[in-house]
Amino acid sequence: FYFSPTAITHIRRLIEMGGTIITDTTLVANGIDISLMGNKGAKVACFIDEPQVISLAEQRRVTRAEIAVDYGLALSGPKLMVVGSAPAAINRMIRRRQHEPMSDVCVLATATGFASVVQLKERLIDSDLMSIVVRSKKGGIPMAITVINTILREISKNAK
């Protein structure tokens, strides 16, 4: 695991400010225990199956994950981008960061199984994006769910 020094603080702030946890799959979104998010308005969103995302991805000949990242980044407030399956989403965030500030974004990267995923995770670590990364080819959707729920559980426990 790699943790940016301020990643947990960012997630705590996200919960307090009613920010958004944005996932790359509905499986991850459905696996997040929202009862751990308190009552400050924090929410979970996944845009991967939205008709507009599907249509734009087809038009631009890019992955739905890349377009879903753009939708997620357009939301106001602090964000946690959870990538359990789509390395293209990691790449999109790194590319976007090269051209715009992203101080209100933290990335949880657990994607696995693709040839370039190890290099993309290391590029994320080397970037100035706040991140939590499961290094190497290890990770996946179950790991994304486990990591975020563990963090939320600790934040919830410490808030009491």
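This text follows the structure it describes.
Everything numeric in this text was worked out from a predicted model, so none of it was measured.

S.K.: Go over the overall build of the protein chain with me, naming the residues and quoting the values.
M.R.: For the protein chain, the helix and strand inventory stands at seven helices and six strands. Going residue by residue from the N terminus, the α and β elements of the protein chain occur as β-α-β-α-β-α-α-β-α-β-α-β-α. Its C-alpha radius of gyration of 14 Å places the protein chain within 12% of the 15 Å reference for a compact globule of 160 residues. Judged by the C-alpha coordinates and their principal axes, the protein chain covers about 45 × 30 × 30 Å. For the protein chain, the residues scored as buried account for 49% of the 160 residues in total. Residue pairs at least 24 apart in sequence account for 65% of intrachain contacts in the protein chain once pairs closer than 6 positions are excluded. Carbon and sulfur atoms provide 54% of the accessible area of the protein chain, an area that totals close to 7,900 Å². Computing the positive centroid from 20 side-chain charges and the negative centroid from 14, the protein chain places the two 3 Å apart.

S.K.: Give me the lowdown on the layout of surface pockets, citing residues and values where you can.
M.R.: Empty space within the largest pocket amounts to approximately 200 Å³. Along its surface, the largest pocket is lined by 14 residues, and Glu16, Gly38, Ile155, Ser156 and Ala159 are the ones closest to its centre. Sorting the residues of the lining of the largest pocket by element identifies α1 (7–17) and α7 (141–159) as the ones contributing at least two each. If you tally residues by element for the lining of the largest pocket, the top one is α7, at four residues. Per-class residue counts for the lining of the largest pocket are five nonpolar, five polar and four charged.

S.K.: So, the environment of Gly72: which residues are in play, and what are the values?
M.R.: Positionally, Gly72 belongs in helix α4 (residues 64–73). In this structure, Gly72 is in contact with Ile22, Phe47, Lys79 and Met81, ignoring residues within four places of it in sequence.

S.K.: Before we move on, can you summarise the sheet that holds strand β2 (residues 20–23) with the specific residues and values?
M.R.: With respect to topology, six strands assemble into an open sheet ordered β1-β6-β5-β4-β2-β3, the strand pairing being mixed. With partners counted over all chains shown, the strands left at the sheet margins are β1 (2–3) and β3 (43–46), one partner each. One ladder, built from four bridges, connects β2 with β3; its direction is parallel. For Thr20, the partnering residue across the bridge sits in β3 and is Lys43. Relative to the sheet, α4 contacts β2, β4 (79–83) and β5 (105–109), its axis offset from that of β4 by approximately 165°. The strands that α7 touches are β1, β2, β4, β5 and β6 (130–133); relative to β5, the one it contacts most, it runs at about 130°.

S.K.: Which residues make up the nonpolar core, and what are the values?
M.R.: Soluble globular proteins tend to pack their nonpolar side chains together in the buried interior. Ranked by size, the top nonpolar core spans 31 residues in total, and within it Met81, Val83, Ala89, Ile90, Met93, Val107 and Leu124 carry the most contacts. Of all the secondary-structure elements, those providing two or more residues to this core are β3, α3 (51–60), α4, β4, α5 (87–97), β5 and α6 (117–126). When residues of this core are assigned to their parent elements, the largest contribution, five residues, is made by α4. Apart from the residues lying within four places of it in its own chain, the contact partners of Met81 are Ile22, Val69, Gly72, Leu73, Met93, Val105, Cys106, Val107 and Leu108. One finds Ile15, Val28, Ile145 and Ile151 within the second-largest nonpolar core, a separate group that totals 23 residues.

The rules behind the values
- Residues numbered from 1 in each chain as written.
- Predicted model: local features only at pLDDT ≥ 70, side-chain atom pairs only at ≥ 80, totals over all residues.
- Heavy atoms only, no water.
- Helix = DSSP H or I, 4+ residues; strand = E, 2+ residues; numbered from the N terminus.
- Rg over C-alpha atoms; globule rule 2.2 N^0.38 Å.
- Buried < 20%, exposed > 50% of the residue type's maximum accessible area, 1.4 Å probe, protein only.
- Contact = heavy atoms within 4.5 Å.
- Areas by Shrake-Rupley, 256 points an atom, 1.4 Å probe, with all protein chains shown as cover.
- Lys, Arg positive; Asp, Glu negative; His and termini not counted.
- Charge placed at Lys NZ, Arg CZ, Asp CG, Glu CD.
- 1 Å grid on protein atoms, 1.4 Å probe; cavity = no way out; pocket = protein on both sides within 12 Å on 5 of 7 lines; lining within 4 Å.
- Points joined across faces, edges and corners; volume = space filled by probe spheres on them.
- Nonpolar A, V, L, I, M, F, W, Y, C, P; charged D, E, K, R; others polar.
- Pairing = 2+ DSSP bridges.
- Axes fitted to C-alpha atoms, helices over the stretch in contact; angles between N-to-C directions.
- Core = buried A, V, L, I, M, F, W, Y, C linked by side-chain atoms within 4.5 Å.

By themselves, these observations are geometric and do not establish any function.
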